[in-house]
There are 2 protein chains.
Amino acid sequence: MRISTRGKYGVRAMFDLAMRYGQGPIPLKTIAERQEISEHYLEQLMGNLRRAGLVNSVRGAQGGYELAFTPGEIKIGQIIRVLEGPIAPVECVEDGADPACERFDSCATRLLWERLRDSMTEVLDSTTLADLCEEAANL
Amino acid sequence: MRISTRGKYGVRAMFDLAMRYGQGPIPLKTIAERQEISEHYLEQLMGNLRRAGLVNSVRGAQGGYELAFTPGEIKIGQIIRVLEGPIAPVECVEDGADPACERFDSCATRLLWERLRDSMTEVLDSTTLADLCEEAANL
DNA sequence: CTAATCCCGAGTAAACCCATAGGGATTACG
DNA sequence: CGTAATCCCTATGGGTTTACTCGGGATTAG
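Given the structure is predicted, the values throughout are model-derived calculations rather than measurements.

Caption draft 1: Main features of the overall build of chain A. When helices and strands are counted, chain A shows six helices and two strands. Written out in order from the N terminus, the α and β elements of chain A read α-α-α-β-β-α-α-α. Along the first, second and third principal axes, the C-alpha atoms of chain A reach 60 × 30 × 25 Å. Among the 139 residues that make up chain A, the fraction classed as buried is 45%. Here the analysis covers contacts within chain A between residues at least 6 apart in sequence; of these, 65% occur between residues at least 24 apart.

Following this line, the structure appears as structure tokens:
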């Protein structure tokens, strides 16, 4: 029941960018050092986030990454979905999964997994990067 | 963000036992066939559940497994913890994890993971096998 | 005695995770 | 215009986990 380092690192990196929102592009190297994440590995994650439209990149010297939206507009759930895939404890309760479940009594356990999925989604989609920044300020 | 087949199969098998609670021991083979789970694989899972005290086993012919408590006394969270480990999206918010987090601003993300853990725990520990049986009856 | 059953440990193929390596493209700045 | 800083891309590899399979031993009802 763990998320992988992808989601963990991704949220950390995005939080790092959120804390410096509006200060121009932040180089990957800086984020990686501050967050103690392998640079090359983080690069792959940032690539995914960029292609998903959550960050913009600026190439060349003095370049780096910046959020594509304000911290208040980016939900943690979006980051997780990009880096970890759909938020669903089992495949058959993924959003848009085919509803044909040939198993008869699995339906009972399915309701359980749906409730679990919903409660996870609720937490992850009701928290934005701005919320994390605010919480960080109160520590 | 998936549970493995261990948790999935385990819940299915325990649900199967709950639906037949009080009818004497159910052989593994029967459960495996009904739930379409590899027999040898399920055997390993049942071993874990037995050692955790959630099921009793009866050896020899006419033997099998039965719940060690009434369906209403067994929470899904207990099954998941036996087969999947602690319910925690990241290691540092495991119950009883050392509170020494040398990372400074990870604290902000930590609050998030704690909220996620709590919402997952809430769902899994507020549902019992009896709840699943009841839901199955209403389908 | 025998068949049914649980019990146990080893082995294994595939997938996934977490990187690492090396080079190419772009651009600010002197 | 050259150079260093930076993003971009693909490939590779070791380690771990997953989801089994296999083979045999122990126990017990009938």
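Caption draft 2: Layout of the environment of B:Pro89. Locating B:Pro89 in the fold gives a position in the loop between α4 (76–84) and α5 (106–125). Excluding anything up to four places from it in sequence, B:Pro89 contacts A:Met1, A:Arg2, A:Ile3, B:Met1, B:Trp113, B:Leu116 and B:Arg117.

Caption draft 3: Here's a closer look at the relation of the copies chain B and chain A. Superposition of chain B onto chain A requires a rotation of 180° combined with a translation of 0.0 Å along the rotation axis, giving an RMSD of 0.0 Å. Viewed as a symmetry operation, the transformation between the two copies matches a two-fold axis.

Caption draft 4: Region of the structure containing the protein's contact with DNA strand C. In the region of DNA strand C, 27 residues are neighbours, and A:Thr5, A:Gln44, B:Leu28, B:Glu43 and B:Ser57 sit closest. Among the atoms of DNA strand C close to the protein, meaning within 4 Å, 62% are from sugar or phosphate groups. One of the side-chain N or O atoms of A:Ser38 is found 2.9 Å from a phosphate oxygen in DNA strand C. Between DNA strand C and A:Ala61 there is a distance of 3.3 Å, counted from a base oxygen to a backbone nitrogen or oxygen. Taken together, the elements giving at least two residues each to the surface near DNA strand C come down to α1 (5–19) and α3 (39–51) of chain A together with α3 (39–51), β1 (55–58) and β2 (64–67) of chain B. Residue contributions to the surface near DNA strand C peak at four residues, all from α3(B). Taken together, the residues of the surface near DNA strand C sort by class into nine nonpolar, twelve polar and six charged.

Caption draft 5: Structural context of the packing of aromatic side chains. Residue and element names in this part refer to chain A. Inspection of every chain in the model, using the stated rule, returns two aromatic pairs over all chains. Seen in terms of ring centroids, Tyr9 and Tyr41 are 5.9 Å apart; in terms of plane orientation they differ by 80°. Their pairing is edge-to-face. Here Tyr9, found in helix α1, pairs with Tyr41, found in helix α3; they are 32 residues apart in sequence, far enough to count as distant. By relative accessible area, Tyr9 is classed as buried at 19%. Given a relative accessible area of 26%, Tyr41 falls into the partly exposed group.

Caption draft 6: Highlighting the interface of chain B and chain A. Counting residues at the interface gives 38 residues for chain B, matched by 38 residues for chain A. Taken together, the links from chain B to chain A amount to four salt bridges. A salt bridge links A:Arg2 to B:Glu94, with the nearest nitrogen and oxygen atoms 2.1 Å apart. Counting across the interface, chain B meets chain A through nine residue pairs in polar contact (both at pLDDT 80 or more). Counting only elements with at least two residues in the side of chain B that touches chain A, the list comes to α1 (5–19), α2 (28–35), α4, α5 and α6 (129–137) of chain B. Considering every element that reaches the side of chain B that touches chain A, the biggest residue donor is α5(B), with 13 residues. Grouping the amino acids of the side of chain B that touches chain A by side-chain chemistry returns 21 nonpolar, five polar and twelve charged.

Caption draft 7: Focus on empty space enclosed by the protein. Residue and element names in this part refer to chain B. Under the definition given, this model contains one cavity of 30 Å³ or more. Each pocket or cavity is described by its volume, and for the largest cavity that value is around 30 Å³. Lining the largest cavity are Leu17, Arg20, Tyr21, Gly22, Gln23, Gly24, Ile26, Glu66 and Leu67. Residue composition of the lining of the largest cavity, grouped by class: four nonpolar, three polar and two charged.

What counts, and at which threshold
- Starting from 1, residues in each chain are numbered consecutively following that chain's sequence as written.
- Note on labels: chains are lettered from A, ligands numbered from 1, in written order.
- Two thresholds apply to this predicted model, a pLDDT of at least 70 for residue-level local features and 80 or more for giving and counting side-chain atom pairs, whereas whole-chain, interface and lining totals are computed over all residues.
- Computation of side-chain values covers all heavy atoms of the structure but excludes hydrogens and water.
- For helices the rule is a DSSP run of H or I covering at least 4 residues; for strands it is a run of E covering at least 2, with both sets numbered from the N terminus onward.
- Buried means the residue's accessible area, taken with a 1.4 Å probe over protein chains only, is under 20% of the maximum for its type, while exposed means over 50%, and partly exposed covers the values in between.
- Residues are treated as being in contact if the distance between any of their heavy atoms lies within 4.5 Å.
- We superpose the copies by least squares over the C-alpha atoms of residues that have a pLDDT of at least 70 in both of them.
- Only a single heavy atom is needed: when it lies within 4 Å of a molecule or strand, its residue is near that molecule or strand.
- N or O atoms closer than or at 3.5 Å make up a polar contact, with two conditions inside protein: a donor-capable atom paired with an acceptor-capable one, and, for residues adjacent in sequence, both atoms drawn from side chains.
- Each residue is assigned to one class: nonpolar for Ala, Val, Leu, Ile, Met, Phe, Trp, Tyr, Cys and Pro, charged for Asp, Glu, Lys and Arg, and polar for all the others, Gly among them.
- Pairing of aromatic side chains here covers Phe, Tyr and the six-membered ring of Trp, requires ring centres within 6.5 Å, and sorts the geometry by plane angle: under 30 degrees stacked, over 60 edge-to-face, intermediate tilted.
- For salt bridges, the criterion is a side-chain nitrogen of Lys or Arg within 4 Å of an Asp or Glu carboxyl oxygen.
- Buriedness of a pocket was judged along seven lines, with at least five required to meet protein on both sides within 12 Å; pockets are open sets of points on a 1 Å grid over the protein atoms alone, cavities are sets where a 1.4 Å probe fits but cannot get out, and lining residues have an atom within 4 Å of a point.
- Grid points are joined across faces, edges and corners, and a volume is the space filled by probe spheres set on the points.

That is the geometry; function is a separate question.
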